[in-house]
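Residues per chain are reported as follows:
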Amino acid sequence: MNRATLVHGFAQTGMCWGGVPAVLESCGFDVASFDAPGHGANASLSLDLLQTGEWLANEGGQGTYIGYSMGARMCLHTALLRPDVVDRLILISGTGGIEDPVERAARQASDDALALRIESTSIESFVDEWLSGPLFEHLAPNAQMRTERLRNTPAGLAQSLRNAGTGMQEPMWSALRRMQMPVLVLAGELDPKFAALGERLATCIGTNATLHIVAGAGHTVHLEAPDAMAALLRDWLSAEPRRSTQVGGELAAQIQADGE
């Protein structure tokens, strides 16, 4: 049986995938959905993005990797660090990182400030604040997974930001052309920032990338447009053969060079 590894977004847990696991199971996949480092049952697990890429490869094993937002960034690291285990890759609302060092430093400072604010409040207060932000303005209340998000802890989420926030990600754009596995890039039409980032991801990855901008969806594509998401998954997974490369890479050195 094929295996699919799901990696959720920041302040979610492995149970925040809506109907995606059932769709994958109907396509013949054995589904593994982990709590990311700093989240849920892994709140005490402190890993940076490079360490997370290796951790996911070891936990998920050979198969298809699907990541949303923070999880997409984590899955990108796995695909570049351990292409031997990634047969196919699906990226939802992802990015290859912030290239401008001044902008990246500002984002890191913003992430650090948010981490301090999280530590100073209750998980209930932070989850409500987080869900009220513009990133989730198109997410229906019954799709917010609020109760499941409350399995997180302030300490774990703060540590996740400090380890793996967008400000901590070295830019990966030039390394993307090395990926040889099939990649599906998804973003929401109502999320123009990440729609543009999705277009760039697909362009940088090259001919083995397929891009879909999902009509009527914002940032959380799989929860905002579940029917469209199900159709896209079924069509792409049935049409795209599994391929992987055994070529490893000096990803850490490549990313460091890109960021300098």
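A quick note: this is a predicted structure, and the numbers were derived from the prediction, not measured.

Trainee: Looking at this model, I keep getting lost on helix H2 (residues 49–60). Mind explaining?
Mentor: One turn of an α-helix holds 3.6 residues; hence residues three or four places apart share an orientation. Given a rise of 1.5 Å per residue, twelve residues ought to cover 16 Å, and the 16 Å separating the end C-alpha atoms of H2 matches this to within 8%. Burial in H2 covers these residues: Leu49, Thr52, Gly53, Trp55, Leu56, Ala57 and Gly60. In the core, the buried residues of H2 are packed alongside strand S1 (2–7), strand S2 (29–34), strand S3 (63–68), helix H3 (70–81) and helix H7 (154–164). Residue Asp48 occupies the N-cap position of H2, its side-chain oxygen lying 3.2 Å from the main-chain nitrogen of Leu50. Gly61 sits one or two residues past H2 and shows a positive phi near 70 degrees.

Trainee: Could you clarify how one ought to interpret the packing of aromatic side chains in this entry?
Mentor: Two measures describe an aromatic ring pair: the distance that separates the ring centres and the angle between the ring planes. Taken as a whole and assessed by the stated rule, the structure comprises five aromatic pairs. Each ring, one from Phe10 and one from Phe126, has its centre 6.3 Å from the other, and the planes form 70 degrees; the classification is edge-to-face. Residue Phe10 is located in the loop between S1 and helix H1 (20–26), and its partner Phe126 is located in helix H5 (residues 123–131); the two are separated by 116 residues in the primary sequence. For the pair Phe10 and Phe126, one class covers both residues: buried. Aromatic rings pair up to connect Phe10, Phe126, Trp130 and Phe136 into one cluster. Across from the ring centre of Phe136, 5.6 Å away, lies the NZ or CZ of Arg149, which sits over that ring. Note that Arg200 overlies the ring of Trp173, its terminal NZ or CZ placed 4.1 Å from the centroid.

Trainee: Sorry, what's going on with the sheet that holds S2 here?
Mentor: Note on sheets: strands pair through backbone hydrogen bonds, and any given pair is parallel or antiparallel. Taken together, the six strands give an open sheet; going across it, the order is S2-S1-S3-S4-S5-S6, and neighbouring strands pair in parallel fashion. A single partner strand is all that each edge strand has here, and the edge strands are S2 and strand S6 (209–214). Averaged over all adjacent pairs, the angle separating strand axes in this sheet is 15 degrees, with direction ignored. For S3 and strand S4 (residues 86–92), the ladder comprises six bridges, and the chain directions are parallel. Bridge pairing in S4 links Tyr68 to Ile92.

Trainee: Just to check I follow, could you spell out the side chain of Gln144 for this structure?
Mentor: Of note, Gln144 is situated in the loop between H5 and helix H6 (146–149). Overall, the relative accessible area of 18% leaves Gln144 in the buried class. When near neighbours in sequence (up to four residues on either side) are disregarded, Gln144 contacts Leu131, Leu139 and Arg149.

Trainee: Hey, could you run me through the pattern of salt bridges in this one?
Mentor: Pairing is possible between side chains of opposite charge, provided their charged atoms come close. The tally for this structure, following the rule as stated, stands at eleven salt bridges. When the shortest N-O distance is used, the salt bridge between Glu129 and Arg117 registers 2.7 Å. Here Glu129 is found in helix H5, whereas its partner Arg117 is found in helix H4 (residues 101–119), with twelve residues between them in sequence. Of the charged contacts in the structure, one is a salt bridge between Asp128 and Arg146, with a shortest N-O distance of 2.7 Å. Remark: Arg146 occurs in helix H6 and Asp128 occurs in helix H5; sequence separation between them is 18 residues. Owing to a relative accessible area of 38%, Asp128 belongs among the partly exposed residues under this scheme.

Trainee: Help me understand unusual backbone geometry in this model?
Mentor: Excluding glycine, residues mostly have negative phi values, and the peptide bonds linking residues are mostly trans. Although it is not a glycine, Ser69 adopts a positive phi angle of roughly 55 degrees. For Ser69, the position within the fold is in the loop between S3 and H3. One non-glycine residue, Met145, lies in positive phi territory at about 55 degrees. Tracing the sequence through the fold places Met145 in the loop between H5 and H6.

Trainee: Help me understand the packing of H4 against H7 in this model?
Mentor: When two helices pack together, their arrangement is captured by the angle between the axes and the distance separating the axes. Running from N to C, H4 and H7 cross one another at 175 degrees; their axes reach a closest spacing of 8 Å. What the angle tells us is that H4 and H7 run roughly antiparallel. Between H4 and H7, the contacting residues are Asp111, Asp112, Leu114, Ala115, Leu116, Ile118 and Glu119 on the first element and Pro154, Leu157, Ala158, Leu161 and Arg162 on the second. Partitioned by chemical class, the residues of the contact of H4 with H7 number eight nonpolar, no polar and four charged.

Calculation notes
- Residues numbered from 1 in each chain as written.
- Predicted model: local features only at pLDDT ≥ 70, side-chain atom pairs only at ≥ 80, totals over all residues.
- Heavy atoms only, no water.
- Helix = DSSP H or I, 4+ residues; strand = E, 2+ residues; numbered from the N terminus.
- Expected span 1.5 Å × (residues − 1).
- Buried < 20%, exposed > 50% of the residue type's maximum accessible area, 1.4 Å probe, protein only.
- Contact = heavy atoms within 4.5 Å.
- Polar contact = N/O pair within 3.5 Å; in protein donor to acceptor, adjacent residues only side chain to side chain.
- Phe/Tyr/Trp six-rings, centres within 6.5 Å; stacked < 30°, edge-to-face > 60°.
- Lys NZ or Arg CZ within 6 Å of the ring centre and 35° of its normal.
- Pairing = 2+ DSSP bridges.
- Axes fitted to C-alpha atoms, helices over the stretch in contact; angles between N-to-C directions.
- Salt bridge = Lys/Arg side-chain N within 4 Å of Asp/Glu carboxyl O.
- Parallel < 35°, antiparallel > 145°, perpendicular 65-115°, else oblique.
- Nonpolar A, V, L, I, M, F, W, Y, C, P; charged D, E, K, R; others polar.

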